[in-house]
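Examining the three-dimensional arrangement
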Amino acid sequence: EAGHGYRFCDGLIQGETDMRRKDREITESDRIQKIIDACQCMRIALADGACAYIVPVNFGYDKAGKAFYFHGAAKGRKIDLIRQNGYAGFEMDTDHRLVTADEACGFSFEYSSIIGKGRITVVDDLEEKRHGLDCIMEHMAGGGRWEYPDPMLKLTAVIRLDVEELHAKSNS
């Protein structure tokens, strides 16, 4: 969408902010998807006054909707901040490997990572909750057919993060 400060890159939204290390930037959607697929944990950052409240979460990704889903208790600090702010940053990383050397300054660390930001909301619609939980189960357990009884859905918070900006990077 023109004028919103974002560009679409093979179906994924990337910000117009330049990455300092262009040699590590990943822009191909298939490589970005592989990083997402390899990650088991995403960290979401929510504004809490003058501080950031960072929470690790298991997640699922709806590629067509460009949205991440996660779930948790329907009450608590995370839910309060999501409802209060409606915006979050996120980070995930994988492919970790320490590269050793004879001297301390020669050490390095290999990784692949994604950072981004977007609108975050608590999902109320039961069908969307099921869809979000299906995305999570597909990512974490490899799919299958899952049932989510209405009474359990009503007690479970399903959260959707609509990606507005995403940057991927690898040092490997």
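It should be noted that the structure appears before, not after, this text.
Residues numbered from 1 in each chain as written. Predicted model: local features only at pLDDT ≥ 70, side-chain atom pairs only at ≥ 80, totals over all residues. Heavy atoms only, no water.

Time to look at the nonpolar core. Soluble globular proteins: nonpolar side chains tend toward being buried together. Among the nonpolar cores identified, the biggest contains 29 residues, and Ile44, Phe68, Phe70 and Phe90 are the most heavily contacted of them. Secondary structure elements with two or more residues in this core: helix H1 (29-38), strand S4 (42-48), strand S5 (51-57), strand S7 (67-73), helix H2 (77-85), strand S8 (87-99), strand S9 (108-123) and strand S10 (156-171). Per-element accounting of this core gives the leading share, six residues, to S10. With sequence-adjacent residues up to four places away left out, Phe68 is seen in contact with Ile36, Met42, Phe59, Gly60, Tyr61, Phe90, Met92, Ile159, Arg160, Leu161 and Val163. Grouped together as the second largest cluster of nonpolar side chains are nine residues, Tyr69, Ile136, Tyr148 and Val158 included. (Core = buried A, V, L, I, M, F, W, Y, C linked by side-chain atoms within 4.5 Å. Buried < 20%, exposed > 50% of the residue type's maximum accessible area, 1.4 Å probe, protein only. Helix = DSSP H or I, 4+ residues; strand = E, 2+ residues; numbered from the N terminus. Contact = heavy atoms within 4.5 Å.)

With that settled, consider the pattern of salt bridges. Under the criterion given, the structure shown has eleven salt bridges. Arg97 is paired through a salt bridge with Glu110; the nearest N and O atoms lie 3.1 Å apart. Pair noted here: Arg97 is in strand S8 and Glu110 is in strand S9, with a separation of 13 residues, a long-range link. The exposure class of Arg97 is partly exposed, given its relative accessible area of 44%. Residue Arg119 pairs with Glu164 through a salt bridge whose shortest N-O separation is 3.5 Å. Residue Arg119 is located in strand S9, and its partner Glu164 is located in strand S10; the two are separated by 45 residues in the primary sequence. According to the relative accessible area criterion, Arg119 is partly exposed, its value standing at 46%. Beyond isolated ion pairs, a larger network of salt bridges with shared partners links Arg43, Glu91 and Asp93. (Salt bridge = Lys/Arg side-chain N within 4 Å of Asp/Glu carboxyl O.)

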